[in-house]
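Below are the chains, spelled out letter by letter.
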Amino acid sequence: MSRSVFRLTLPILFGYIPLGTAFGVLFSTQLDYPWWVAPLTGLVIYAGAGQILAVSLLASHAGLLEVFVAMFVLNSRHLFYGLSLLGRFRGAGWRKAYLIFGLTDETYSLLTSRPQNADRKTEQEIDFRITALNQCYWIVGCALGALLADNLRFDTSGIEFALVALFIVLTIEQFKALGDSFPIWTGAAAAAIAIVFLEPAHQLIGAIVIVTGVLLIQYRKLRSEVAGEGV
Amino acid sequence: MSESVYLAAFILLAAVATFATRVIPFLFFERHTEHPLIQHLGRYLPAAVMAMLATVFLQQSADWQGKFPGLDALIPGLLVVAVHLWRRNTLLSIAAGTATYMALLQSGILGG
């Protein structure tokens, strides 16, 4: 079982080591903390985009409430991963907490796309090993990057653009998965409004309020259309 | 607050916020997964949040006082879109955009 589980996680290995390294380099070049803080965040926070956002929040010494809201909003997509796995993790015992903790984008897509044919206990054991292996790759990547950066001697100013690039890539991926550009324009327009009318410190929170409001209006509109057709 | 206390509180809060997004469905929504509002938000919210974050941070990384306001971030941003649509390789897209942004910034070509 172990070998086939390892093979399943290979794509994540090749994704997490370089991305974790990129995070580690960013962390060490932007901040003056000891190198081991980078893998520590990989161990306890364990969220790629979240940790990269954390670097810029740490660099600007953001307020703790803003940190909480920003991390929650950025990771709010995870709320919906859990919804589709409620039945699958049921009865997993002590493993359940870790399965939930380790539910990153990549682990979620691997768990939900792999074929299952054993009994539930065995499948949960496999899910558990996949999750743990993935987190190991991520922590190793974070550590590698931080150690590497401490020994690098070149001008790294501007490297923080990696965060912007990551969000652009994730937006394109979301659009491809959804096939509908409405939420993309909603998000961009909400951000534009927040940028024009709010100070930088409140832009993220303002934009998420607008986005949620628009989606609720859209929901009501769709519902009344469906109800209208039903008559 | 000392620097190390701030860092510890920061990491703890970030960890709690992240774990909360992952555990909330298992705590509160065991019975509501079929609710149409949940399905609607699950479908559209992630894409909208990503586009919102991309826009906010793109704007914040741009220099609006230079000779060509905003171009220093717009060029690498568009490059990320182009490279990603072309190869669909996350790391390649990020590396191309970041390297271009760094080169524009460090060379001062846009009149920084």
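Since the structure is predicted, the reported quantities are computational estimates derived from the model, not experimental observations.

Visitor: Please clarify how the domain arrangement of chain B should be interpreted in this entry.
Guide: By a widespread convention, an interface's size corresponds to the accessible area lost as its parts come together. According to the domain assignment, chain B contains domain 1 (1-31) and domain 2 (36-112). Each of domain 1 of chain B and domain 2 of chain B has a C-alpha centre, and these two points are 27 Å apart.

Visitor: Whenever I open this one, the pattern of salt bridges confuses me. Can you help?
Guide: Opposite charge on two side chains permits pairing when their charged atoms draw close. Going through the model one piece at a time under the given rule, you end up with seven salt bridges over all chains. Where Glu 123 of chain A meets Arg 114 of chain A, a salt bridge forms, and the shortest distance between an N and an O atom there is 2.7 Å. One exposure class covers both Glu 123 of chain A and Arg 114 of chain A, and it is buried. Between Arg 88 of chain B and Glu 173 of chain A there is a salt bridge, with its nearest N and O atoms 2.9 Å apart. One end of the pair, Arg 88 of chain B, is in the loop between helix 3 (71-87) and helix 4 (90-107); the other, Glu 173 of chain A, is in helix 9 (residues 161-178), on a second chain. Under the relative-accessibility criterion, Arg 88 of chain B is labelled partly exposed at 45%. Here Glu 173 of chain A falls in the partly exposed class, since its relative accessible area comes to 24%. What emerges from the salt-bridge pattern is a single network uniting Arg 88, Arg 114, Glu 123 and Asp 127 of chain A.

Visitor: Explain the layout of surface pockets to me, please; I cannot follow it from the model alone.
Guide: To find the voids left in a structure, one rolls a probe of water-molecule size over its atoms. Here the largest pocket defines a volume of roughly 1100 Å³. As for the largest pocket, its lining consists of 41 residues, and the residues nearest its centre are Tyr 81, Asp 105, Glu 106, Ser 109 and Gln 174 of chain A. Going through the elements one at a time, helix 1 (2-30), helix 3 (48-59), helix 5 (78-83), helix 7 (105-113) and helix 9 of chain A together with helix 2 (36-60) and helix 4 of chain B are the ones with two or more residues in the lining of the largest pocket. At seven residues, the largest contribution of residues to the lining of the largest pocket is made by helix 9 of chain A. Here the residues of the lining of the largest pocket are counted per class, giving 21 nonpolar, 14 polar and six charged.

Visitor: What's the story with the packing of aromatic side chains in this structure? I'm lost.
Guide: In this description, a pair of aromatic rings is defined by centroid distance and the angle of the planes. The final tally for this structure, using the stated rule, is 15 aromatic pairs over all chains. Taking 6.1 Å as the distance between ring centres and 55° as the angle between the ring planes, the aromatic pair formed by Tyr 6 of chain B and Phe 10 of chain B counts as tilted. In this pair, Tyr 6 of chain B and Phe 10 of chain B are both assigned in helix 1 (residues 3-28), four residues apart and thus about one turn of the helix distant. Neither residue differs from the other here; Tyr 6 of chain B and Phe 10 of chain B are each classed as buried. Directly above the aromatic system of Phe 128 of chain A lies the positively charged group of Arg 95 of chain A, at a separation of 5.6 Å from the ring centroid.

Visitor: Got a minute to help me understand the state of the cysteines in this structure?
Guide: By definition, a disulfide links the sulfur atoms of two cysteines through a covalent bond. Residues and elements named next belong to chain A. Following the criterion strictly, the structure yields zero disulfides over all chains and no others. Lacking any disulfide linkage, Cys 136 is separated from the closest cysteine sulfur, that of Cys 142, by 12 Å. A relative accessible area of 0% means that Cys 142 is categorised as buried.

Visitor: Can you help me understand the nonpolar core in this one?
Guide: In a soluble, globular protein the nonpolar side chains are often hidden away together inside. Membership of the largest hydrophobic core comes to 103 residues, with the highest contact counts inside it found for Phe 27 and Phe 167 of chain A together with Met 52 of chain B. For this core, the leading source of residues is helix 2 of chain B, giving 15 residues. Apart from the residues within four sequence positions on either side, Phe 167 of chain A is in contact with Ala 49 and Leu 74 of chain A together with Met 50, Leu 53, Ala 54 and Phe 57 of chain B.

Visitor: How should I be thinking about the domain arrangement of chain A in this particular structure?
Guide: All names here are of chain A. According to the domain assignment, chain A contains domain 1 (2-179) and domain 2 (180-231). Three residues, Glu 66, Phe 175 and Leu 178, lead the burial of domain 1 against domain 2; their summed loss comes to 47% of the area buried on that side. Taken together, the links from domain 1 to domain 2 amount to zero salt bridges. Where domain 1 meets domain 2, there are one residue pair in polar contact (both at pLDDT 80 or more). Taken together, the elements giving at least two residues each to the side of domain 1 that touches domain 2 come down to helix 4 (64-74) and helix 9. If one sorts the elements of the side of domain 1 that touches domain 2 by residue count, helix 4 sits on top with four residues.

Visitor: Help me understand helix 1 of chain B in this model?
Guide: Three- or four-residue spacings in an α-helix give side chains the same orientation, since the helix completes a turn every 3.6 residues. Taking 1.5 Å per residue, 26 residues should reach 38 Å; helix 1 of chain B reaches 36 Å between its end C-alpha atoms and fits that length. Along its length, helix 1 of chain B shows its largest kink, about 40°, at Arg 22 of chain B, and proline Pro 25 of chain B lies within four residues downstream of that point.

What counts as what
- Residues numbered from 1 in each chain as written.
- Chains lettered and ligands numbered in written order.
- Predicted model: local features only at pLDDT ≥ 70, side-chain atom pairs only at ≥ 80, totals over all residues.
- Heavy atoms only, no water.
- Domains from an automatic or database assignment.
- Salt bridge = Lys/Arg side-chain N within 4 Å of Asp/Glu carboxyl O.
- Buried < 20%, exposed > 50% of the residue type's maximum accessible area, 1.4 Å probe, protein only.
- Helix = DSSP H or I, 4+ residues; strand = E, 2+ residues; numbered from the N terminus.
- 1 Å grid on protein atoms, 1.4 Å probe; cavity = no way out; pocket = protein on both sides within 12 Å on 5 of 7 lines; lining within 4 Å.
- Points joined across faces, edges and corners; volume = space filled by probe spheres on them.
- Nonpolar A, V, L, I, M, F, W, Y, C, P; charged D, E, K, R; others polar.
- Phe/Tyr/Trp six-rings, centres within 6.5 Å; stacked < 30°, edge-to-face > 60°.
- Lys NZ or Arg CZ within 6 Å of the ring centre and 35° of its normal.
- Disulfide = S-S within 2.5 Å.
- Core = buried A, V, L, I, M, F, W, Y, C linked by side-chain atoms within 4.5 Å.
- Contact = heavy atoms within 4.5 Å.
- Buried area = accessible area lost by both parts, 1.4 Å probe.
- Polar contact = N/O pair within 3.5 Å; in protein donor to acceptor, adjacent residues only side chain to side chain.
- Expected span 1.5 Å × (residues − 1).
- Bend = angle between axes of the 7 residues up to and from the residue.

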